[in-house]
Amino acid sequence: MTAAPAAAPWRRVAILAFAVLAATAALTFGPVSSMGPFGALSVPWLALLVAFAACEVFLIHIEHRREAVSLSLSTIPLVVGLYTVDPVALVAARVIGSGIALVVHRRQAPLKLAVNLGHMGLEAVVAILVFRALAPGGELGPASWPAAVAAALASDLVQSAVLVTAISLYQRRWEGALTETMALGTAARLVDTAVALVVVSVLRAEPAAVALLGLAGFALVWSYRAHTALRVQHRQLEHLYDFTQVMGDAVLAERTVEALLRQACDLLHSDAAWVYVERGGKTHRVGTTVEGALTLAEVAPGSPDALVEEGVRGRSRPELITATATPALAALGVAEALAAELRSGTTAVGTLVVADRSGEVRAFDDEDLRLFAMLANHAGMALANSQLVDRLRMNADESEYQSLHDSLTDLPNRAHFSRRLEERLAAGSALGVLLLDLDGFKDVNDTLGHQHGDLLLQQVAKRLRTALRHGDTLARLGGDEFAVLLPDVVGSQAAVSVARGLVAALERPFDVSDVSVEIGGSVGVALSPLHGMEADGLLQRADIAMYLAKANHTGVEVYDAERDGHTPERLALVGELRHAIAEGHLEVHYQPQMSLATGDVVGAEALVRWQHPTRGWLPPDEFVAVAERTGLVRPLTSFVLETALRECARWREGDGPERISVNLSARSLLQPTFPDDVRTLLRDTGVPAEALCLELTETSILVEPRRTVPVLQQLAQTGITIAIDDFGTGQSSLAYLKQLPVGEIKIDKSFVMTMEEDRADEAIVCSIIQLAANLDLPVVAEGVESMALAARLRGAGCGFAQGFGFSKALPAESFVAWVEEWRKRPGVGELRVVG
């Protein structure tokens, strides 16, 4: 069963913003609206609004450990407002004043604006509640100061929690870097609170003196900003001097490009840097991010990289380019960049691009451009020297390099990966091996051709590299199969986290020659020493886990020996299952399906059971999957279907239920003759097509929809009912529901069984029932464990149900006896438990 895909990052952040705004509104028009002014001291509401707007315009920018931190003085008007204005007016001034600055001055995008306004409103509300709870009523003196400090710290905590959560939701990982700067923000809040209390004291003693205090404060802030600018210039000169030394050492150590890119990121506080260089008559891009490893990729003609490089080539001076003026830059996901052609004398040796300042506090300016020009001059000479050294070594190294790297993606190949894996194993360190196989790649090759497939593999390789940590090894083993070596990994949690990052990296569409292509990935995880100490064994186990992830549509699976279908025990089970099917040793049990309107038995679901000669009763999960992997699913399905139809025919001759439901696997739908086989069984047993319901999960239909949907349409045209089983747990319920010949919906028991305790599950169940009603489709609720639950479902509009609250699945004779006993009881229309 496939888990529903995670929501897009912006949707998760939008939900957070809506929740924060809703909480702000609820608290403002709830407890806050009932509060009056704190004391006799009063300040015009409009003055606070202007103060909040000014604080968001005149920010203090601090670059701390590569993080650009923006500090606002908004705590000052916030604390002053606690003493001087009506609480609702304070919240309004905070939100409206700051909102005007964010829209007009900073021009923030709607989603970021919503998050910021949400945390600003909520921090104001929390500050009011904390202050009023702790401050003595109407006290303007020192007795109320601890309450003001507590209110400011509480608002700081709210702001930090909302912002860190928003960034973490967007990046799908906990944003730990922000927490390192929270102490700096807290210290600033304390200082701002002290200033605000001074303002309140001045307002209390001599209101006119506030203007003088404001002028002094403005002068201090302005002086600090000027001082900061001078410090930055001085630090840049020191870094530039260090840069020349580092580049000289890098040429000798054969890591010129890496040192150049790292230093460029550090000097200009940028998120990423890359250089275009010529290799073998082709242009390549070598790039890095702040913490990422180097990436290498060939630049395809006409690609965004090629357009950027061509636009910079031949320019005499470095330039600041933006995504607005250069659309190709936007296609690379970059808002702005500094770019320059690197030269040694009159010879061009490459093109350097430094993209996007960290933290989004400010954009690149003229000072950055001047620093970049000096850096480019030194880099050109260092790169030319490096290329000369490289050419001397190239002939000797080229042959070995080609033997250890994939020619299409330039990634390490299988031989290189195996060598590195064996070295790590010999060192005795714990490690993880990931095996990734693309989902849907064959369709790209078949539809667009192998040339497009090769271009797609190159893009996949680049994107996977960006999702890995520094020191991880990514290799292409062949075809659409990639492997990752994770050194020093202890336990499965860290390895699974990296694997999910790889799957997430493939979720965004790929642009291949103006064609948007969507693919996915399945990853298997094996760990050493947990799953073995040999390279071949770890790769084999990762491969087994990967195929489990692909078959179950789970994205990532860790190797589990109990699920390994290649063990001797599983091989023995295959032979025993084949014998059990051939000799009729399997049994079909029947679980009644009830009408909630009448209380009568309207049908039954057929469920296969196996009494193993040595292992006892085996649940279907243990042998149905084996049947699907080994080709036994066809005879197994035929056995269950024929047995169930013959039993239904006997029921219909008497007074039994007139309808039977049978589960199908994905492989049944991939058999072209399956509709004919079903029609033959219906004819042989004399059961009309209307009496048969075939149940399929959403994921089984969506394995290969181009092949499965036509088969379903043939079955539906025969008169057979097609039911979507476990509805609500698949990936594309609404998208495919209107395209499928669906005649019934079965709500998954995971929602039904807990709907009495979990309001969210109840809401899901009711929504599915309403959706089915609008589509004029009957609904069957699975997992009904009690009559109280059945009554609640009937009240919600659900027509049918099954579960242990009525009866478990029973052998044929016991089922018939149960139906007779049920119908003998008085008041069939009453819902009741029968043991």
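Residues numbered from 1 in each chain as written. Predicted model: local features only at pLDDT ≥ 70, side-chain atom pairs only at ≥ 80, totals over all residues. Heavy atoms only, no water.

Next up on the list: the overall build of the protein chain. What the protein chain contains, in helices and strands, is 29 helices and 24 strands. Total accessible area computed for the protein chain in this model is approximately 39500 Å², and 57% of it derives from carbon and sulfur atoms. (Helix = DSSP H or I, 4+ residues; strand = E, 2+ residues; numbered from the N terminus. Areas by Shrake-Rupley, 256 points an atom, 1.4 Å probe, with all protein chains shown as cover.)

In this structure the tally under the stated criterion is 0 disulfides. Looking at Cys 798, it has no disulfide partner, and the nearest cysteine sulfur is the one in Cys 766, 9.8 Å off. (Disulfide = S-S within 2.5 Å.)

Let us now look at the confidence of the model for the protein chain. Model confidence for the protein chain is summarised by a mean pLDDT of 80, while 80% of its residues fall at 70 or above. Note on residues 1-7: pLDDT under 50 across the span, and 21 contacts to partners over four residues away in sequence or across chains. Note on residues 64-68: pLDDT is under 50 here. Beyond four places in sequence and across chains, it has 18 contacts. (pLDDT = per-residue confidence, 0-100. Contact = heavy atoms within 4.5 Å.)

Taken in spatial order, the 5 strands make up an open sheet running E10-E11-E9-E14-E15, and their pairing is mixed. Whereas interior strands pair on both sides, the edge strands pair on one side only; in this sheet they are strand E10 (473-478) and strand E15 (556-558). Each adjacent strand pair in this sheet contributes to an overall mean axis angle of 20°, direction not counted. (Pairing = 2+ DSSP bridges. Axes fitted to C-alpha atoms, helices over the stretch in contact; angles between N-to-C directions.)

Here the structure, examined in full by the defined rule, presents 24 salt bridges. With a shortest N-O distance of 3.7 Å, Glu 298 and Lys 282 are connected by a salt bridge. Taken together, the residues Glu 298 in strand E5 (residues 295-298) and Lys 282 in strand E4 (residues 282-289) connect sequence positions 16 residues apart. On the basis of relative accessible area, Glu 298 is assigned to the partly exposed category, the value being 37%. The salt bridge involving Glu 782 is made with Lys 746; its shortest N-O contact spans 3.3 Å. With a gap of 36 residues between them, Glu 782 in the loop between strand E23 (779-781) and helix H28 (787-795) and Lys 746 in strand E22 (residues 744-747) connect regions that are remote in the sequence. According to the relative accessible area criterion, Glu 782 is buried, its value standing at 10%. Exposure remark for Lys 746: the relative accessible area of 0% places this residue in the buried category. (Salt bridge = Lys/Arg side-chain N within 4 Å of Asp/Glu carboxyl O. Buried < 20%, exposed > 50% of the residue type's maximum accessible area, 1.4 Å probe, protein only.)

For the rest of this paragraph, the subject is the pairing of strand E9 (residues 431-439). The element E9 is largely enclosed, with a buried count of 8 among its 9 residues. Taken together, the 7 bridges between E9 and strand E11 (residues 481-487) define a ladder with antiparallel strand orientation. Looking across to E11, one finds that Leu 435 is bridged to Ala 483. Judged from the 9 bridges that link them, E9 and strand E14 (residues 520-528) form a sheet pairing that is antiparallel. Among the inter-strand pairings, Val 433 is bridged to a residue of E14, identified as Ala 526.

To continue, consider helix H2 (residues 45-57). Under the 1.5 Å per step criterion, the end-to-end length of H2 is 19 Å for 13 residues, consistent within 8% with the ideal 18 Å. If you check which residues of H2 are buried, you get Leu 48, Leu 49, Phe 52, Ala 53, Cys 55 and Glu 56. Down the axis of H2, the buried side of the element spans an arc of 160°, and every buried residue falls inside it. (Expected span 1.5 Å × (residues − 1). Arc of directions from axis to C-beta.)

On the surface, a cluster of negative charge is contributed by Glu 422, Glu 423, Glu 534 and Asp 536. Assignment of secondary structure puts Asp 536 in helix H17 (residues 535-552). (Patch = residues over 30% accessible without salt bridge, like charges linked within 9 Å, V, L, I, M, F, W, Y side chains within 5 Å. Lys, Arg positive; Asp, Glu negative; His and termini not counted. Charge placed at Lys NZ, Arg CZ, Asp CG, Glu CD.)

This part takes up the packing of aromatic side chains. Counted according to the given criterion, the structure contains 8 aromatic pairs. Between Phe 38 and Tyr 83 the ring centres are 5.7 Å apart and the planes differ by 85°, which places this aromatic pair in the edge-to-face class. Of this pair, Phe 38 sits in the loop between helix H1 (9-28) and H2 while Tyr 83 sits in helix H3 (residues 75-84); the two residues are 45 residues apart in sequence, bridging distant segments of the chain. Summarising the burial analysis for this pair, Phe 38 and Tyr 83 share the class buried. Take Phe 38: its relative accessible area is 9%, and that puts it in the buried class. Joined through ring pairs, the aromatic side chains of Phe 38, Tyr 83 and Phe 131 make up one cluster. (Phe/Tyr/Trp six-rings, centres within 6.5 Å; stacked < 30°, edge-to-face > 60°.)

All right, on to helix H13 (residues 414-426) then. Between its first and last C-alpha, H13 extends 18 Å over 13 residues, near the 18 Å set by a 1.5 Å rise per residue. For H13, the complete set of buried residues consists of His 416, Phe 417, Ser 418, Leu 421 and Leu 425. In the stretch just after H13, Gly 428 is the one whose phi turns positive, near 80°.

Attention now goes to the nonpolar core. Within the largest apolar cluster, 80 residues are counted, with the highest numbers of intra-cluster contacts made by Tyr 590, Ile 660, Leu 692, Leu 694 and Leu 793. Top contributing element to this core by residue count: helix H20 (residues 633-653), with 10 residues. Among residues more than four places away in sequence, those in contact with Leu 793 are Leu 596, Val 752, Met 755, Val 765, Ala 781, Val 784 and Cys 798. Of all hydrophobic cores here, the second largest spans 34 residues; its members include Ile 76, Leu 78, Ala 196 and Leu 197. (Core = buried A, V, L, I, M, F, W, Y, C linked by side-chain atoms within 4.5 Å.)

Let us look at the packing of H3 against helix H5 (residues 110-134). Helix packing geometry: the angle between the two helix axes and the distance between the axes. Viewed as axis vectors pointing N to C, H3 and H5 meet at an angle of 50°, and their least axial separation amounts to 11 Å. Looking at the two axes, H3 sits oblique to H5. Read as a crossing pair, H3 and H5 show a hand that is right-handed. Within the contact between the two elements, H3 uses Leu 78, Leu 82 and Tyr 83 and H5 uses Ala 124, Ala 127, Ile 128 and Phe 131. Residues belonging to the contact of H3 with H5 are distributed by class as follows: 7 nonpolar, no polar and no charged. (Parallel < 35°, antiparallel > 145°, perpendicular 65-115°, else oblique. Left-handed = near helix turned anticlockwise from the far one by under 90°. Nonpolar A, V, L, I, M, F, W, Y, C, P; charged D, E, K, R; others polar.)

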